[in-house]
Amino acid sequence: MASLTIRNVRKVYPNGAEILKGINLDIEDGQFIILVGGSGCGKSTLLNMIAGLETISEGEIMIGDRVVNDIPPKSRDIAMVFQSYALYPTMTVRENISFGLGIRKVPKDEQKKIVDRVAETLQMTHLLDRKPAMLSGGQRQRVAMGRAIARDPSLFLFDEPLSNLDAKLRVEVRAEIKLLHQRLGATIVYVTHDQIEAMTLGDRIAVMRDGIVQQYGSPQDIYDRPDNLYVAGFIGSPSMNFLRGKLVQDGECVAFALEHKGKVTMLPVPNDIGVQPRHLNQEVILGIRPEHVTDADSAQRAVTPEGYHPTPVDCSIEMTEPTGPDTLVFAWLNGVRATCRTHPRAGAVAGQPIKLAFDLSKAVFFDPATERRIDLSAPAA
């Protein structure tokens, strides 16, 4: 396997359209990296540049210690898995997996050993004599992965491999890909628009938007400490709630004040956050995940910092979505729509009032002007 280094990579087309605007990533040997973002963010273009299918306008890509900018795809020692499977319909599974080995003049007996080992790894030995038309979507994707594994490349590239699968198969193949990475210790770069895939698969995630990496880090760090509003809203399902208001002094503590049509709702901020005075009476955006907003009864049982108890506030329920283990409640808080998770037996009913508690010990705050996350406890520079 090999490391991957991307330095100041840009992609500008002849018509002047700039797709990538200076990408920098360091991917260690054996890491599983996710490139995630909405349509048109540049993630597939970057993957194609790593593969050598797109030329680089500026910058440098290194696989291991070798700069590959001008090296053709076949000489980069990579294997790519596409969302369309790209299998040969007239060949059996065995022939599809061994096709690349034949091109490389690997002896027939060695090909058989490699294919048998790959088939056992992916649990598809019983499929080796079938043709693609006789396989399910999940099985075809396993064959595509098997063909890539058989090559034993330095780097695996996955281009939205689960997009064509139904929900159940997507979960199954996602688990297989994760197990495959654990078995092989392979270096993988994986492109997806699905943030759930990103959170469950990757060692590290690069969240992209408009040709720029917005944040690069571990899934949990990106989830808990998003750098900006875009990352906060893109990662997480349901999306993070955003409330615009001010931090004000409320007696001996600081509170987030949400004002609407002359009515002010106060949400206490835990004292241990240590809000600096310079942030008081300044407009901020409060970001809080739905799982940190819950009904008052559940809030009493929640673990919060010592001495901090979220104050239940009056809300009105717009609609509910039962999911089994919990119920999503979409409610209005002083003119702002908020999503929360409640216990399925909390009795939430559309059109009825509900008391919700916002655990601000888990909240993040953003600057409305820059949309960047604010550290409320940091002293002035």
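Worth saying up front: this structure is predicted, and the values here are computed from it rather than measured. (Residues numbered from 1 in each chain as written. Predicted model: local features only at pLDDT ≥ 70, side-chain atom pairs only at ≥ 80, totals over all residues. Heavy atoms only, no water.)

**A closer look at the pairing of strand β4 (residues 58-63)**
How we decide: Any two strands with at least two DSSP bridges between them are considered paired. Only runs of H or I of at least four residues qualify as helices and only runs of E of at least two qualify as strands under DSSP, and these elements are numbered from the N terminus.
In terms of strand pairing, strand β1 (residues 4-12) meets β4 through five bridges, oriented antiparallel. Residue pairing across strands places R10 opposite E58, the latter belonging to β4. Here β4 runs beside strand β5 (residues 66-67); their pairing, made up of two bridges, is antiparallel. By the bridge assignment, I63 is partnered in β5 with R66.

**Considerations on the nonpolar core**
What counts here: In these notes, a set of buried Ala, Val, Leu, Ile, Met, Phe, Trp, Tyr and Cys residues joined through side-chain atoms within 4.5 Å is what counts as a nonpolar core. Exposure categories follow from relative accessible area, calculated using a 1.4 Å probe and restricted to protein chains: below 20% of the type maximum is buried, above 50% is exposed, and the middle band is partly exposed. Note on contacts: a residue pair qualifies if any of its non-hydrogen atoms lie within 4.5 Å across the two residues.
Residues I177 and Y190 are the most contacted members of the largest nonpolar core, which totals 47 residues. Top contributing element to this core by residue count: helix α4 (residues 137-150), with six residues. For Y190, the residues in contact, after removing those within four places along its chain, are F32, I33, I34, L35, F158, P161, L162, I177, E197 and L201. Counting 31 residues, the second-largest nonpolar core is a separate cluster that includes V313, L333, V336 and L376.

**Remarks on the layout of surface pockets**
For clarity, the cut-off: The definitions used throughout rest on a 1 Å grid laid over the protein atoms alone, on which a cavity is an enclosed set of points accommodating a 1.4 Å probe that cannot get out and a pocket is an open set flanked by protein within 12 Å on both sides along at least five of seven lines; lining residues are those having an atom within 4 Å of a point. Grid points are joined across faces, edges and corners, and a volume is the space filled by probe spheres set on the points. When residue character is reported, Ala, Val, Leu, Ile, Met, Phe, Trp, Tyr, Cys and Pro are called nonpolar, Asp, Glu, Lys and Arg charged, and the others, Gly included, polar.
Within this model, the largest pocket holds a volume of roughly 520 Å³. Lining the largest pocket are 17 residues; nearest its centre among them are K74, I78, A79, M80 and R151. Contributing elements (two or more residues each) for the lining of the largest pocket: β6 (78-82), α2 (93-103) and α4. The biggest single contributor to the lining of the largest pocket is β6, with four residues. Split by residue class, the lining of the largest pocket holds twelve nonpolar, one polar and four charged. When its volume is computed, the second largest pocket comes out at roughly 360 Å³. What lines the second largest pocket is a set of 18 residues, among which D224, R225, S361, A363 and V364 lie closest to the centre. Of all elements in the fold, only α7 (219-224), β20 (364-366) and β21 (373-374) reach the threshold of two or more residues within the lining of the second largest pocket.

**Side note on the confidence of the model for the protein**
Our working definition: The quantity called pLDDT is the predictor's confidence in a given residue, expressed from 0 to 100.
Model confidence for the protein is summarised by a mean pLDDT of 91, while 98% of its residues fall at 70 or above. Mean pLDDT in the protein bottoms out at helix α9 (residues 296-301), which sits at 71, and peaks at strand β10 (residues 212-217), which reaches 98.

**Describing the packing of aromatic side chains**
The cut-off we apply is this: By convention, a stacked pair of Phe, Tyr or Trp rings (six-membered ring in the case of Trp) has centres within 6.5 Å and planes under 30 degrees apart, an edge-to-face pair has planes over 60 apart, and any other such pair is tilted. Our definition puts a charge over a ring when NZ of Lys or CZ of Arg is within 6 Å of the ring centre and also within 35 degrees of the ring normal.
Across all of its chains, the model carries five aromatic pairs by this definition. Each ring, one from F32 and one from Y190, has its centre 5.8 Å from the other, and the planes form 45°; the classification is tilted. Remark: Y190 occurs in strand β8 (residues 188-192) and F32 occurs in strand β3 (residues 32-36); sequence separation between them is 158 residues. Judged by its relative accessible area of 0%, Y190 falls in the buried class. Connected via pairs of aromatic rings, a cluster forms that spans F32, F158 and Y190. The ring of Y216 has R204 lying over it, and the distance from NZ or CZ to the ring centre is 4.5 Å.

**Considerations on the sheet that holds strand β7 (residues 155-159)**
Stated precisely, the cut-off is as follows: The angle between two axes is taken between their N-to-C directions and runs from 0 to 180 degrees, where each axis is a line fitted to C-alpha atoms and a helix contributes only its stretch in contact.
Taken together, the six strands give an open sheet; going across it, the order is β6-β7-β8-β3-β9-β10, and neighbouring strands pair in mixed fashion. Strand pairing shows two members of the sheet lacking a second neighbour, β6 and β10, which therefore form its edges. Each neighbouring strand pair of the sheet contributes to a mean axis angle of 15°, computed without reference to strand direction. Summarising the sheet, β6 and β7 pair through five bridges and their orientation is parallel. Within the sheet, the bridge partner assigned to A79 lies in β7 and is F156. Sheet strands in contact with helix α1 (residues 43-51) are β3, β6, β7, β8 and β9 (204-209), and its direction is about 150° off that of β7. In the packing of α4 onto the sheet, contacts are made with β6 and β7, and the angle to β6 comes to roughly 175°.

**Quick word on the pattern of salt bridges**
Opposite charge on two side chains permits pairing when their charged atoms draw close. To be explicit about the condition: For this document, the term salt bridge refers to a Lys or Arg side-chain nitrogen within 4 Å of an Asp or Glu carboxyl oxygen.
Taken as a whole and assessed by the stated rule, the structure comprises 15 salt bridges. With a shortest N-O distance of 3.1 Å, R10 and E58 are connected by a salt bridge. Residue R10 is located in strand β1, and its partner E58 is located in strand β4; the two are separated by 48 residues in the primary sequence. Residues joined in a network through salt bridges with shared partners are R10, E18 and E58.

**Focus: the packing of α4 against helix α5 (residues 167-184)**
Which entries qualify depends on this criterion: For classification, angles of less than 35 degrees are called roughly parallel, those exceeding 145 degrees roughly antiparallel, those between 65 and 115 degrees roughly perpendicular, and all remaining angles oblique. Left-handed is the label given to a crossing in which the near helix is rotated counterclockwise from the far helix by less than a right angle, and right-handed is the label when the rotation is clockwise.
Contact geometry for α4 and α5: axes closest at 10 Å, N-to-C directions at 20°. Of the possible angle classes, the one that applies to α4 and α5 is roughly parallel. You can see that α4 and α5 cross each other, and the crossing is right-handed. Here α4 contributes G138, Q141, R142, M145 and I149 to the contact with α5, which in turn contributes L169, V173, E176, I177, L180 and L184. Here the contact of α4 with α5 is built from residues that sort into seven nonpolar, two polar and two charged.

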